[in-house]
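Descriptive structure summary
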Amino acid sequence: MAIIQVGDYMKEQILLLEKWIGEANHIVFFGGAGVSTESGIPDFRSKDGLYSLNYPVSPETILSHRYFYQNTKEFFRFYRDKMNSTIYKPNSTHYFLTKLEKVGSLQCIITQNIDGLHTKAGSENVLELHGSIYHNHCTQCNTFYTEKNIFESKDEIPTCICGGIIKPDVVLYGETLDTNVWKQATKHIQKADLLIVGGTSLTVYPASDLIHYFKGKNLVIINNDPSNHDDKADLVFHSKLSDIFSTIKISEKR
Ligand code: CNA
């Protein structure tokens, strides 16, 4: 296993990754909040991330199932203030992955992000493990609402015409993941011969467990900070995603 710091033998290792991308038949990208930091959306655990903010209650507590139902007004105050990613645009990493899918190399993006930026960039096969801010439902009658009903509503608590609370379809701490999305994600990872993991600390369970389903040839981790699973990877870059992907040439799959 080679751990690459910015500058060290980078070129050679990037060429190796480029070769693996060219040879692979089933590439899966598994990402997290670090994919969107270059769009301006803070992650959780970087030094400027949301967890570094001085809140009386931790973001992890606020973004929990229990807090949503017990402190609904405070939940929405935080959610509207910190989780509104409708104003952000995809960055070069999102577009790189879209291109990789278009040429037939990338089969699937599995993301822990809820910001919808992969879809905005034009990617089609995107599995959102933790849901999306763009989908919201009434907790009583299950009517669908858009993000506008949450972020543009003047009500402190967005409410359905039936009187129920509208809840974002994002997986809060203490909630389970959608079984169907999870099944598809594990299936893709089991089929993959190249798994690229990027922009995730791999600390949020059960998403972090996905990596154990990989039985393919090459596992690559690209992350600013060391992750919990660096020792399992065939190639590790401790650098920005854009620094790596901007130098990789994508060729049409024959
Ligand atoms: P995390 O625990 O905050 O880890 C992010 C990781 O990305 C860190 O280890 C950073 O070092 C790394 N990183 C940051 N920027 C870059 C970059 N440009 N290039 C390479 N690496 C970078 O976030 P995880 O995704 O691991 O944790 C999962 C949580 C975060 C999920 O529940 C998400 O819903 C949640 N989240 C999502 C968003 C979003 O949708 N954009 C934003 C903030 C948090």
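Please refer to the structure higher up on the page.
Thresholds, definitions, all that
Residues numbered from 1 in each chain as written. Predicted model: local features only at pLDDT ≥ 70, side-chain atom pairs only at ≥ 80, totals over all residues. Heavy atoms only, no water. Helix = DSSP H or I, 4+ residues; strand = E, 2+ residues; numbered from the N terminus. Buried < 20%, exposed > 50% of the residue type's maximum accessible area, 1.4 Å probe, protein only. Core = buried A, V, L, I, M, F, W, Y, C linked by side-chain atoms within 4.5 Å. Pairing = 2+ DSSP bridges. Arc of directions from axis to C-beta. Salt bridge = Lys/Arg side-chain N within 4 Å of Asp/Glu carboxyl O.

1. A few points about the side chain of Asn-218
Of note, Asn-218 is situated in strand 9 (residues 218-222). Look at Asn-218 and you get buried, because its relative accessible area is 11%.

2. Focus: the nonpolar core
Leu-17, Phe-29, Ile-196, Ile-222, Phe-237 and Ile-244 are the most contacted members of the largest nonpolar core, which totals 25 residues. Elements with a minimum of two residues in this core: helix 1 (10-23), strand 2 (27-31), helix 5 (92-102), strand 3 (106-111), strand 8 (194-198), strand 9, strand 10 (235-238) and helix 9 (241-245). Ranked by the residues each element gives to this core, the list is headed by helix 1, at 5 residues. Of all hydrophobic cores here, the second largest spans 23 residues; its members include Val-28, Trp-182, Leu-202 and Leu-219.

3. Notes on the pairing of strand 9
Burial of strand 9 is extensive: 5 of the 5 residues sit out of reach of the surface. Alternating positions in strand 9 separate into two faces, Asn-218, Val-220 and Ile-222 on one and Leu-219 and Ile-221 on the other, with burial throughout. Sheet topology places strand 8 next to strand 9; 5 bridges connect them, and they run parallel. By the bridge assignment, Leu-194 is partnered in strand 9 with Asn-218. Inspection of the sheet shows strand 9 paired to strand 10 by 3 bridges, in the parallel sense. Bridging from a neighbouring strand, Ile-222 pairs with Phe-237 of strand 10.

4. Things to note about helix 4 (residues 72-82)
Along helix 4, the residues classified as buried are Thr-72, Phe-75, Phe-76, Phe-78 and Tyr-79. When helix 4 is viewed along its axis, its buried side chains cluster within an angular range of 165° and face the same direction. Facing away from the buried side of helix 4 by over 90 degrees, the exposed positions are Arg-77 and Asp-81.

5. Quick look at the pattern of salt bridges
On inspection of all chains with the given rule, the structure shows 5 salt bridges. For Glu-23, the salt bridge goes to Lys-19, with nearest N and O atoms at 3.2 Å. Highlighted residues: Glu-23 and Lys-19, both in helix 1, separated by 4 residues, approximately one helical turn. Of the residues examined, Glu-23 reaches a relative accessible area of 43% and is grouped as partly exposed. Where Asp-81 meets Lys-82, a salt bridge forms, and the shortest distance between an N and an O atom there is 3.7 Å. Taking relative accessible area as the criterion, Asp-81 reaches 52% and is therefore assigned exposed.

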